[in-house]
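Close look at the chain arrangement
Each chain, written out:
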Amino acid sequence: MYSFTYTRAKTLAEARDLIAKDADAKLLSGGMTLIPTLKQRLAAPSQLVDISQLTELRGIAVKGDRLEIGAAMQHVEVSRSADVKQKIPALAHLASQIGDPQVRNRGTIGGSVANNDPVADYPGAVVGLGATIKTSQREIAADDFFKGVFETALNAGEIVTGFSFPVPKRAVYAKFPHPVSGYAMAGSFVAETASGVRVAITGAGTGVFRWKEAEAALSKNFSVAALKGLSMPAKGLSNDLHATAEYRANLVEVMTRRAVASITGEK
Ligand SMILES: Cc1cc2nc3c(=O)[nH]c(=O)nc-3n(C[C@H](O)[C@H](O)[C@H](O)COP(=O)(O)OP(=O)(O)OC[C@H]3O[C@@H](n4cnc5c(N)ncnc54)[C@H](O)[C@@H]3O)c2cc1C
């Protein structure tokens, strides 16, 4: 690890100031991704600005037909929240499947989404539900947020402060986890929302994406049968030592069928 200074911000305003004044500073939330990166000397920030304790980034609340979650909420808090379980059980279930207990006890929803690892789970829910990402500067629609491998629409120094999820009519996340890390080899988040059916795929490619053909088919007939005949093209999906692109394409189809079946009760 290279040396750096550590500052625990007391307010969001202080964190914004610190990060704005120092182009080489980095935000620290749960540290589950950032700390290993530092240990391997893959990053050399001048300063870590710890935002994990900021009250402005904490809390879970139901507001009308939306569920609001602060960026610093840990995976375990999201998975155990009575509000999340009641309003969007698929989101609580997703959070409960991330990594292992240590990762769930430290890692945060804000850190995960800001990091935009192509194999992370939360991007599936954020896009699958059509959430809004709230930042220190603005609000960003999920469809405009994720830009590529570890890339997002965030500007330098922009802090994710929270998320606003529209409560869906029904939703399920089906994931095929990597047996070692728990990261998604392929995950399909299927939701029937007030604005239509959304199917978000994570883990299989260079970032989360919507499977529009499956959305169109399910919009006409929300059933496993409607997915028959649809195939996910392997082109563009990840091809590495863990799985070929063809294998991942098949996983996407299977996970999407499983998600729909678990909503409709079909076998
Ligand atoms: C062994 C292991 C297994 C894992 N398994 C899974 C898994 O199955 N599924 C899964 O989805 N994830 C998995 N993860 C990743 C985990 O979910 C991390 O918690 C997540 O990637 C990062 O969240 P964090 O709060 O730890 O962020 P940090 O590591 O603190 O930060 C990550 C990056 O985001 C930036 N950042 C943090 N917070 C903000 C913010 N509010 N605004 C703007 N930028 C911010 C930081 O500057 C940094 O660049 C795993 C991690 C480990 C170590």
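Residues numbered from 1 in each chain as written. Predicted model: local features only at pLDDT ≥ 70, side-chain atom pairs only at ≥ 80, totals over all residues.

Inspection of the region around the ligand gives 31 residues, with Gly30, Met32, Gly99, Gly107 and Gly111 positioned closest. Residue assignment for the shell around the ligand shows that the elements contributing at least two residues are strand 2 (25-28), helix 6 (101-106) and helix 7 (109-115). Element by element, the count of residues in the shell around the ligand is highest for helix 7, at five residues. Of the residues contributing to the shell around the ligand, the split by class is 14 nonpolar, 13 polar and four charged. Three or more residues apiece are contributed to the shell around the ligand by two domains, here domain 1 (1-52) and domain 2 (170-264). (Near = placed C-beta within 6 Å. Helix = DSSP H or I, 4+ residues; strand = E, 2+ residues; numbered from the N terminus. Nonpolar A, V, L, I, M, F, W, Y, C, P; charged D, E, K, R; others polar. Domains from an automatic or database assignment.)

Every buried residue of helix 5 (residues 89-96) is listed here: Ala90, Leu91, Leu94 and Ala95. For helix 5, the angular spread of buried residues about the axis comes to 135 degrees, placing them on one side. Where helix 5 is buried, its residues touch helix 3 (75-80), helix 4 (82-87), helix 8 (122-128), strand 10 (160-166) and strand 11 (170-177). (Buried ≥ 20, exposed ≤ 12 C-beta atoms within 10 Å, placed from the backbone. Arc of directions from axis to C-beta. Contact = placed C-beta atoms within 7 Å.)

Let's shift gears to the sheet that holds strand 10. Here we have five strands laid out as an open sheet, ordered 4-5-10-6-7, and antiparallel in their pairing. The open sheet has two free edges, formed respectively by strand 4 (60-63) and strand 7 (139-141), since each of these has just one partner strand. Each strand of the sheet is rotated relative to its neighbour by a mean of 20 degrees, with strand direction disregarded. Strand direction decides the pairing type here: strand 5 (residues 66-70) and strand 10, joined by five bridges, are antiparallel. From the neighbouring strand, Leu67 faces strand 10, where its bridge partner is Phe165. (Pairing = 2+ DSSP bridges. Axes fitted to C-alpha atoms, helices over the stretch in contact; angles between N-to-C directions.)

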